[in-house]
Structure formats: C-alpha cells, structure tokens
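Spelled out from the first residue to the last, the chains are:
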Amino acid sequence: MKIAGILQALLWRDIKLAMRRQSDVVATLFFFVVAVSLFPLGIGSAPSLMHAIGPGVIWVAALLSSMLSLNRLFSSDYADGTLEQLLLVPMPLTLILAIKIFAHWIVAGLPLVILAPILGLQFDMGAKDIGILVLSLILGTPLLSLIGAIGAALILGMRGGGVLLAILVLPLYIPVLIFGAGAVTASVNGISPEGALSLIAAMLTLGVVFAPFAAAVALRISLE
Amino acid sequence: MKIAGILQALLWRDIKLAMRRQSDVVATLFFFVVAVSLFPLGIGSAPSLMHAIGPGVIWVAALLSSMLSLNRLFSSDYADGTLEQLLLVPMPLTLILAIKIFAHWIVAGLPLVILAPILGLQFDMGAKDIGILVLSLILGTPLLSLIGAIGAALILGMRGGGVLLAILVLPLYIPVLIFGAGAVTASVNGISPEGALSLIAAMLTLGVVFAPFAAAVALRISLE
Amino acid sequence: MLKVRALECRRGASLLMSDFNMSLEAGQLIHLQGANGTGKTSLLRIISGLSTQETGKVLWNDVDIRTAREDYSSNLIYIGHQPAIKDDLTVLENLTVSLKLNGVKVDIKRLEEALEVVGLARRKNLPARVLSQGQRRRLSLARLWLDQRPLWILDEPFNALDVQANKLLEERLDQHLVSSGMCILTSHHTPNIDKKLLTEVSLGL
Amino acid sequence: MLKVRALECRRGASLLMSDFNMSLEAGQLIHLQGANGTGKTSLLRIISGLSTQETGKVLWNDVDIRTAREDYSSNLIYIGHQPAIKDDLTVLENLTVSLKLNGVKVDIKRLEEALEVVGLARRKNLPARVLSQGQRRRLSLARLWLDQRPLWILDEPFNALDVQANKLLEERLDQHLVSSGMCILTSHHTPNIDKKLLTEVSLGL
Amino acid sequence: MHWGSLDNFLAMGGYGFYVWISFGLTLACLLFELYGLQKRHVNSQGDI
Amino acid sequence: MNWYKFSSPKTFYPVAGSLAPYFLGVAGALLILGLYIAFFLAPTDFQQGEAYRIIFVHVPAAWMSMFVYLIMAGWSVVGLSLNSKLSYMMAQALAPTGAIFTFLALVTGSLWGKPMWGAWWVWDARLTSELILLFLYVGYMALHSALDDVRRADRATAVFALVSAVNVPIIYFSVKWWNTLHQGASVSLTQAPAMAKIMLMGMLIMSISFWMYTIGVALLRLQCIIAEREREIIWMNEAQRSE
Ligand code: HEM
Ligand SMILES: Nc1ncnc2c1ncn2[C@@H]1O[C@H](COP(=O)(O)OP(=O)(O)OP(=O)(O)O)[C@@H](O)[C@H]1O
Ligand SMILES: Nc1ncnc2c1ncn2[C@@H]1O[C@H](COP(=O)(O)OP(=O)(O)OP(=O)(O)O)[C@@H](O)[C@H]1O
Ligand SMILES: [Mg+2]
Ligand SMILES: [Mg+2]
C-alpha cells in the first residue's frame, strides 16, 4: 500500500537519524539519570527523605528530559528545509505528525521507561512499586511527546525558542506529572494506584486523537 | 580606547539581542519558577518535607535553567555565520568570550538571583537563610555560565546538541550545586555556611581566570 | 494547467503584489524575474501551497489548490532556497528517503544512474554534511531525474551550480518541457532554453 | 602582499589540492575557478585563517598568518557563504555592530549612504529576519563600502544578487583595486572587471 | 457601624497590615492598568 | 443589524470607544457598593477575625482569573473557525487583565495565608495550579510578543489558549483531587445563614464590578490594538507611495 509505504519510510528516516546521532539518545538517558542523581546531592540523602521523594523526582526528571528532546522534533527538519518538503507530501499532515511523534517517543521516551526500574531501585522501591512506576511511564511518556509536539510546532523557527518552549509546555505537562507521580506515590504508600493510572490512560487516548491534529494546525500556522 | 570600544559594542549587541527577545529573558525566569513548582507537585506537599528540600530544589532549578539558556550562547551566532566574523575580529578570542559570558550571565543568571527571594518565601525560609541563598546564587550563577560556556563551545555545530550539552555540563556543575545548596541547607539548619561559600568564591575566581581561555580553545577546535 | 487569479501578497505591512495573474500550460516554462526582494520567493511559496494568500486564488486544473491539497501536492515538485538535505544521512539515503516520502518506487539502479548524472556517484556513501554548497544543490536537484511529475517549482535552482551543472539542468528542463511538463522558476539570468517554450514574467511594482 | 606556499588541503579522506601556490599583490584580483566541490571554499577558509592546513604556509607580508593572527585579521574582510546577519537586529543595527566589532568608527550619515547604495535604505529599521535572500547578501556586502581594508576574501559574493546589484559590486571591486586593494573571490561566472587587474586561478585536479 | 473609631477601623482587629495591603494592592493594580492603557491609547492615536 | 459589519475592526473601533466608559462607570459604582458591604455591613468572623475580609477581593479575583482564560479560549475558537481578526484581538486584549487578576488572587491569597496558616505559601494543589495559570497567561503573552508577524501570532496564540484551557478545570477541581489546606467550595455554608447571605452578596457584587471593569478595559485595549495595527499598515503604504 502506498500510504503505508510512505509512513514507513518516514518512521525509518526519523529513527535512523536518531541512531546516527546515537549520542542524542544516550544523552537523553544520561540527562535523566544525572537529573535524578542531582537531587540527593542538593538535598542530602537521609533514607526516609529519599523514600518520600523518589517517585516525584524520577517523574520530574522524565518530564524535563522529554522536554529537552522536544527541540529535535521539528527544528532540524525546519532548518534544512525538509519540513517544507514534508508539508508537500501528498498525505494528511496529521498522519505525518502522528508518525513523527511516535518516532520521537521511541527514541526519547521508551529509553526512559526501560531505565526507570534501575533508578527505582536506587530509591529503594519495592518490586510492585517499580512495576507501577514503569506502567505509569509507559502511559505517561507518549502523552508528553504528544503535548510537547504542539508546543514545538508553535515555536518553530524562533531562535532561542527552547526556553519559551519550556514555559509553554511545562504547565501543560503538569496534569501528567500529578497523576503519574501520584500513582507511584500511592502505590508506595499502599494505596491503590488504579484511579490515577486510568486517568492517565484516558488522557493518553484523548491526546492520541487530538494532539497530532492540533500540532498540524500549529505547524501550518508557523510555516506560513 | 579601541579595545574598550570593541568590547563595549559586543556587550551592547548581546544584551540588545536578548532584550529583543524579551520573551527569552522572561522565559528563563519562568522556567526557573515552573521547575521549582514541579517538585512539590510530584512529591506531595507535606510542609516538613518542603522545608527540607527547599534549598536543594531551588538550586537544582537554577542549574537547569542556566543550562537551558546556554544554548543561546554561541549557537545562534554560529548558525548565521556571525561567529566566524567574531573569530576574525582583531582581538584575543579569550577576551571576546569573556564578554559574551558576562552578557550571558546578565540576561540569564542575574534574573535568577533577583527572583530567588520570592521562591525562598514559598518554601518558608527565614530572612537570614534567604540572604545566604541570594549570596550563594550571586557567587554560583556566574560560575555556571563560565563552566557552561566551555561545554557550549565544545558541542557547537552538532545538531541536537542540547542534550549532549546537558551531559557534558551537568557533571561539572555538581560541585557548584553541592556547595551552593550546602551553604543554604547549613544556614537553614543553623550551621555556619561560611566554609561552603568561600569554596564557591574560590571556584569562581579560578573560573574567571581559566574558563574563557578554555572556551576559546574549544571554540577554535569546533570551528576548524 | 496552473492558473493564478487576482493574487495579492502581503509580507508584514508591505504589499508585494496585488491583482497578480498568470497561467501556465503544458510544455511551458515561466521565468520569474525581478530585483532582490520583489517577492519571487513569496510568490512561489504561495503557488506551491506552502503559505496562503489573503485574497486571490491558485487553481490547478480549475480546482482551488486549498481544497484539493493532496491531489495537487502529488503533481508537484517544489525545490526551494533550502536544499532539504539531512546532514546526517548519506547522499544515497537522502535521495532514497526523499523519493519514498513522495510515494515513488525506488529502484537502486536508476538512483545510482541519477547520481552519476549529477556527478555525485563517487560521494554516494558520504554523509551529506561534507558536501560543498554546489554539491548540495546538485543532490537536491537529483530528484528531477527520478520523479515524474507535471509541475516543477524551482526557486533559484542555478544558484551555486558550476557551468557544467548549469548546462545539465538546462538540458533536463528542455526534456521536461518537450514531454509536456510545466515549470516555473526564478533566476537572475535567463536560462538558455528554447525561446518558444519560455515566457518571461516580471515582478516588481 | 599575500602568498600561499606549498599548501595541501585534505577533507576527510579526499585530497583537494597539494602543493598549491599563489600570490596576490596590491591592485590585483584573483578569481578562483573550479567545478563544484573542488575546494574553493576550503581554500578561502584556510587563507583567511578560519581553518588550518596540515602542510604549507599562508604568508601576509612574509609573516605566517598563524603567528600574527590579530594583525592579519585587522587587514582582512572575509565574507563567506553565510551572510553573518542577526535576524533579530534591524538592518541598521546589524551594520553598526559589524563595523564596531571591527573597530571602525561609526558615522551614521555614511552608514545610511551605504545602505542607500545597496538599496536597503527603506528597510533600515526592519528586523533582518524579513529580508529576502538577495537583500541579506546586499546587507552583508554593505561593509565593503564602509570599512577600508587592503584584503578582501569573498566566497561567491554574486550569489543571489540581481543584475543591478551585480553591477554595483563589480564597480566597487574596480574602485578597490584601483586604490591598490587586493581581492580574492570565487564565482561561477567571471566578474566583469578590467582584465588587466584580474588573474584567473583554476582549482581541480 | 461596629468599628467605633477610625483607629479600630484601620487596625482591623490586628490584621490591618494584611487586609489593607490586599485591598490597596488590588485598587492600585486596577488603577495602574487603567493609567497605562490611557497612555497607550494616546500613543496609538498619535500620528494617524 | 448586520453582524458582519460590526465584526470588522474598523467599524468596531468607535463602538468600543463609546461602550467602554459605561462599563467602567458601572464597575466603579459597584466597587464602592461592594467595599461598603465588605467593611461596614459584613460582620466579624468569629474564627478568623477581621482577616477574613480579604475574601471580598480574593475570591472575585480568583474567579475572574479563571473566567477570563476560558473566554480567551472561546474567542480563540471563534477566531480559528471564522478567521475573524476581531476575535483574535479580543483574546489578546483580555490577556493582561486576566494576568493581573491571577496575580491579585495569588497575592491576596498569600496575605490571607500568613495570618491563617502561618506561612505565605503552601504547596497545595489549588495554590500551585493558580500559579500555573499565571504561567499560562505569561506564556500566552510571551508567545504573542515573540512572534512579530501578527497573523502568525494571532493564530499561534489561539491554538495555545485552546489547548491550555484544560488547566482551568484542573484548578477548579484540584481541591477535590488532593486533600488540601485551602478552602473547598463555599465556606459560606458553614456560617450562620444571615451572615452567609451578606457575604455572598458582597462577593457577588465585587465580582460583577470586576466583570464590568474587565469588559471596559478590554474594550479600551482593543481600541489600542486596532489603532496600532492600522497605523502600521497606513505608515507602510505611505512609505511605498512616496517611493
Ligand atoms: C496564594 C494563596 C491562594 C490562592 C492562589 C488561592 C486561590 C483561590 C482560587 C483559585 C479560588 C477560586 C476557586 C473556586 O471558586 O472554587 C479561591 C477561592 C477561595 N479561597 Fe483562596 N487562594 C489562596 C489562599 C487562600 C487563603 C489563605 C484562604 C483562607 C484561609 C482562602 C480562602 C478562599 C475561599 C474561602 C475561597 C472561596 C471558595 C468558594 O466558596 O468557592 N484562599 N482561592
Ligand atoms: N514583515 C515584513 N515587513 C516588511 N517587509 C517584509 C516583511 N517580510 C518580508 N518583507 C519583504 O518582502 C520581500 C520578500 O521577498 P522575497 O523573499 O519573496 O523576495 P525575492 O523576490 O525572492 O528576492 P530575492 O531575489 O532576493 O530572493 C522582501 O522585500 C522583504 O523585505
Ligand atoms: N570528510 C570528508 N570526506 C570526503 N570528502 C570531503 C569531506 N569533507 C569535505 N569533502 C569534500 O571536499 C570538498 C569541499 O569543497 P568546498 O566546499 O571547498 O568546494 P567548493 O569548491 O567551494 O564548491 P562549491 O562550488 O560547490 O561551493 C567537497 O568535494 C566535499 O565533498
Ligand atoms: Mg528569493
Ligand atoms: Mg563553496
């Protein structure tokens, strides 16, 4: 099928590009780990304190590192004119963006999910809590990519947009953070995390349906 | 004097550029505040916990927002070819970079120092502790700009270097963080912060002397 | 057939053109002329559907391109100022991807022939980052030898090309027109093409 | 006087030139020719001191430019592929800053005259972001009317310029040479300049 | 009128500082906005 | 009445100018009435003492901060779907006022918090989300000023306003999701009925006054925006003609 072929080529391209810059993928991961480790350094590492802040810190670090990598989503394609060409691909832009966002999640979100258990161990979480942590990240990180794509599309082409991106996107990330970290904290405290998790799942569904569309609208506006 | 004139023109240019993008300066500040606010959201807000993590969180946020703005230091000058022209300015590169770093601190570091007291109030710090917080930031943030400049020079011209920058620079930031947050925590716990503060001051002196030079070397390498 | 009707183009506060009309038929090449800053690039971007005008219409086979965006896109090759090349992919990969994204079946033999033609065969496995200015433009033009579409929109395609590449492109344009293609391009010197096929359009108030 | 002695230039695995020699005297213009990718840009960057060669020397008044970098820089204007324009500053501010950074006294009257000459007077208070491709190049060239230095190194200065701007630049080059300046430039068509002053140098193995 | 005296009124049962700053700041912000707008208005009319 | 005629900025300009003073006048009158109720009719709270009087600015300001954002989002929808310039300008005109009310809610809340909770600030859900709302306002304005092509700025900020309006329900329901220090809805029910009525009355009147103020100020700002954009075009056209 022609459509499938095109989308597949796009996915291949984005992942390939990320792999060429392995350093990028590695770096996202490292940022995640370093940011998590900064806290005990800044705060002091009394075990009871560590236990209490663990889920929150891991989630905040995931948020920040996902946000940092957003810049890559469109800006390099924009700088070299590839994005113009993508707009001219005979296919709905929404679909194209959905693929790009998916590719972004694979290279910037999935690695976080995979690494999270190790960080959980560092904060002395139990196996069940780590399970919930991973689950919450699996549901939450795609949502971060989806929301982030809208922001990245809005600031396209603005020099030094990185910080503006942060202030546009971080407030929108907050619900994800609250329920993501909330689920894990609940689990750590022996409360059922189901409510929070199903709320994230619901948000994810909404995000998958609406975010690529909103990003497409934003992108067309920015590229006028 | 001719040298002074050139340096002054450079300073004027960098600050002017930042002011043109007021949103950038505002955004650095807001990122700082948002990042600080993320933690209580992720962690939950028991007052005793807040009290314990306050200094650390503020310092980590200052670190991250200073790091985010590093990108702006050279990359836009690089992208449009201005950096080449700066290399051809008949004047030692070290001096030129020192000015650029100073301009960067004025637009990205100083605002953090000014805003810090309000955040201190939010974490319920006393007046003396807030004083120490401000002092530690006055000594620490220029150091962050200086160290960061070396990293920014190294990754110049690499697409998606943002995250790589983070992993190069954050480890170097750690000593600043430890002593900066350490001073404030000490003060909060009624211990004398003098030791930590004088260590930062010493590091700052070293930084002012060596960092512009190292950055100049790194820049020449990147621009080969 | 491409028609532009009563187009008005504003950038910021300045009016670049108003009531601009133009039509382009099979086998015809329009050479857009005009001093720097008269709005050639802006016009091409509107015609290719990348930006939208406030008043006026662009019609492809009498249908407004905004209502039939995808159909129009699949009849069009647009090559802008920017070469649209990913620095991190090799020359060959760049070409492959740009074809695949446009739904063209990729035949590796033909690809290599095309690279031979534009003089990049020897560099096909180098990352595009190392190419010289002119080589980048050659690479972005290579698509013209591989993808059959009726309408070409080229923004200063001769920029940075050396004499030999210049001739090559002119020959390709000739072929395209003879096989009843259409083309609209900007350039600061008149392309050396059969005068019967060439229409000059001047911009500038 | 500029001399290049036994220069060898390698990019990655490919040897672009070896044992390259050249000298440039007051009142002389060297037009570097060569197909795309033969190494013109690489050579200019070495000559201007932006990148360094492994073997060979570049001498300015018989002193190696690497040992007298600042003195050399203050005799040199280099304008590369990239126009070196800050998108966020206005046209006027861009010009002012680039002069001040090079230690030139800025006289606002003369600045405006120069902008008039390159045809940007009307846009002097617009942010450079909105300029067209050709207008950007005009802006980066404006420095040639304001800053007196003996050696000019220009990488494809005619790119993107329209016919009128082309002529303008050629006249300025003439003036510069007559007042015993030196210039080395690349371009894919021969600049229309007094043939006595012009030396053609071809690159390419 | 349960305040009795002006002093009592200003003291607000010991919370005068908080209450008056709240109300004062609110009024000040609104008036300041109006003032700024007035100036901007004059400017924007300026050279039409 | 021809609606389309009024939706063009030029025709709306004088209308806005003539309406604004009425709204501001009503706002002033209601403000005086509201302050009278707040200080002279409302009795002292037996738990909080006189500090509770802050409620008469705090709550209306907090309400306005949320409403205004929703209305901005509403205008953005209209703008994006009808592509009408005036709607975008409406949204843009509301933003600073909304930000001011958010700021006031935060500050008056803090001033109330110090005597009540003993701290200027606690990291509780409602307070934090109100702070986030301030960030959204600032983000909106920063985005608008960072883009100097007005057409792009209008539409980009509209998309942002729409997407970020989801935060408003979060502020509203935040008290439910977390058990927090901050008051839940309607303190008034815990008070004696007579007192509750007068308090509610005071808050309502202050709110209406703020409403009228917002409308009046937004209309004035709208005039400025229209005039500034118009002037730029006239100025450029003249520059071209004189060429
Ligand atoms: C910076 C601190 C504060 C912020 C940001 C804040 C924010 C808000 C917001 C957004 C609302 C409107 C919510 C709604 O209508 O449901 C509200 C209402 C209210 N706030 Fe605060 N508040 C703060 C401090 C306080 C304090 C210290 C008190 C009292 C001890 C207080 C008492 C109230 C009351 C009584 C309401 C009305 C609730 C209702 O009836 O709906 N607030 N506040
Ligand atoms: N926001 C703006 N305000 C005023 N003028 C603008 C704005 N944006 C663009 N312009 C002007 O619009 C024109 C854009 O022209 P365009 O890029 O289409 O020119 P062009 O014909 O392609 O020129 P060139 O030959 O140099 O490539 C320029 O003259 C530019 O100065
Ligand atoms: N790492 C590398 N490996 C192999 N070849 C390289 C590498 N880096 C650069 N090159 C080659 O070196 C040459 C660089 O040439 P340069 O940019 O100087 O060309 P130019 O003469 O300016 O060409 P143009 O006319 O296109 O601007 C190109 O042929 C390029 O392919
Ligand atoms: Mg153009
Ligand atoms: Mg070249």
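All residue numbers refer to positions counted from 1 along the written sequence of the respective chain. Chain letters and ligand numbers both follow the written order, the letters beginning at A and the numbers at 1. Where totals are concerned, whole chains, interfaces and linings use all residues; where local detail is concerned, this predicted model gives features only for residues with pLDDT of at least 70, and gives and counts side-chain atom pairs only at 80 or more. Side-chain calculation: all heavy atoms of the structure are included, whereas hydrogens and water are not.

Caption draft 1: Quick peek at the relation of the copies chain D and chain C. Least squares is used to superpose the copies, and the fit set is the C-alpha atoms of residues whose pLDDT is at least 70 in both copies. Superposing chain D onto chain C takes a rotation of 180 degrees plus a shift of 0.0 Å along the axis, which leaves an RMSD of 0.1 Å. Taken together, the rotation angle and the small translation identify this as a two-fold axis. Residues of chain D ranked by C-alpha distance from the rotation axis are headed by Asn159 of chain D, positioned 3.2 Å from it. Two residues form a contact once any of their heavy atoms are found within 4.5 Å. In this assembly, 100% of the residues forming the interface of chain D have copies in chain C that are likewise at the interface, indicating an isologous arrangement.

Caption draft 2: The site of ligand 3, seen in detail. For this description, a residue counts as near a given molecule or strand if any of its non-hydrogen atoms is within 4 Å of it. Around ligand 3 there are 22 residues in total, and Ser132 and Gly134 of chain C together with Lys40, Thr41 and Ser42 of chain D lie nearest to it. For ligand 3, an oxygen atom lies 2.5 Å from a polar atom in the side chain of Ser132 of chain C. Here an oxygen atom of ligand 3 and a side-chain polar atom of Gln135 of chain C are 3.0 Å apart. Here ligand 3, which alone exposes 650 Å², has 91% of that area covered by the protein. Elements supplying a minimum of two residues to the shell around ligand 3: helix H5 (133–141) of chain C together with strand S2 (14–24) and helix H1 (40–47) of chain D. Contacts described as polar in this section are N or O atom pairs within 3.5 Å, which, within protein, must combine one atom able to donate a hydrogen with one able to accept it, while residues neighboring in sequence count only if both atoms come from side chains. Here the accessible surface of atoms and residues is derived via Shrake-Rupley with a 1.4 Å probe, and residues count as covered only by protein chains that are part of the display. A run of H or I in DSSP counts as a helix once it spans at least four residues, and a run of E counts as a strand once it spans at least two, with each numbered from the N terminus.

Caption draft 3: Broad picture of the domain arrangement of chain C. All names here are of chain C. Each domain's extent is set by a domain assignment, obtained either automatically or from a database. Domain boundaries assigned for chain C yield domain 1 (1–75 + 149–205) and domain 2 (85–148). Distance between the C-alpha centres of domain 1 and domain 2: 23 Å. In this complex, domain 1 contributes 16 residues to the contact, which on the side of domain 2 involves 13 residues. Interface of domain 1 and domain 2: buried area, both sides summed, is about 1200 Å²; carbon and sulfur atoms make up 57% of it. Take the accessible area each of two parts loses on contact, using a 1.4 Å probe, and add the two losses: that sum is the buried area. Counting the surface domain 1 buries against domain 2, the share from its top three residues, Arg149, Leu168 and Arg172, is 48%.

Caption draft 4: Layout of the interface of chain E and chain F. Listed as interface residues are 29 residues of chain E and, on the opposing side, 40 residues of chain F. Area buried by chain E at its contact with chain F is led by Tyr18, Phe23 and Glu33 of chain E, which between them contribute 20% of it. Salt bridges are defined by distance alone: a side-chain nitrogen of Lys or Arg within 4 Å of a carboxyl oxygen of Asp or Glu. At the surface where chain E touches chain F, the tally comes to 2 salt bridges. Between Arg221 of chain F and Glu33 of chain E there is a salt bridge; the shortest N-O distance is 2.7 Å. Connecting chain E to chain F are 6 residue pairs in polar contact (both at pLDDT 80 or more).

Caption draft 5: How the structure looks around a nonpolar patch on the surface. Residues and elements named next belong to chain F. Patch building starts from residues that exceed 30% relative accessible area and form no salt bridge, then joins like charges within 9 Å and nonpolar side chains (Val, Leu, Ile, Met, Phe, Trp, Tyr) within 5 Å. Taken together, the side chains of Trp63, Phe67, Leu70, Ile71, Leu200 and Leu204 present a nonpolar region at the surface, about 500 Å² in accessible area. Looking at the nonpolar patch, the elements that each hand over two or more residues are helix H3 (55–82) and helix H8 (193–241). Counting residues per element, the nonpolar patch draws most heavily on H3, which supplies 4 residues. Within the secondary structure layout, Trp63 lies in helix H3.

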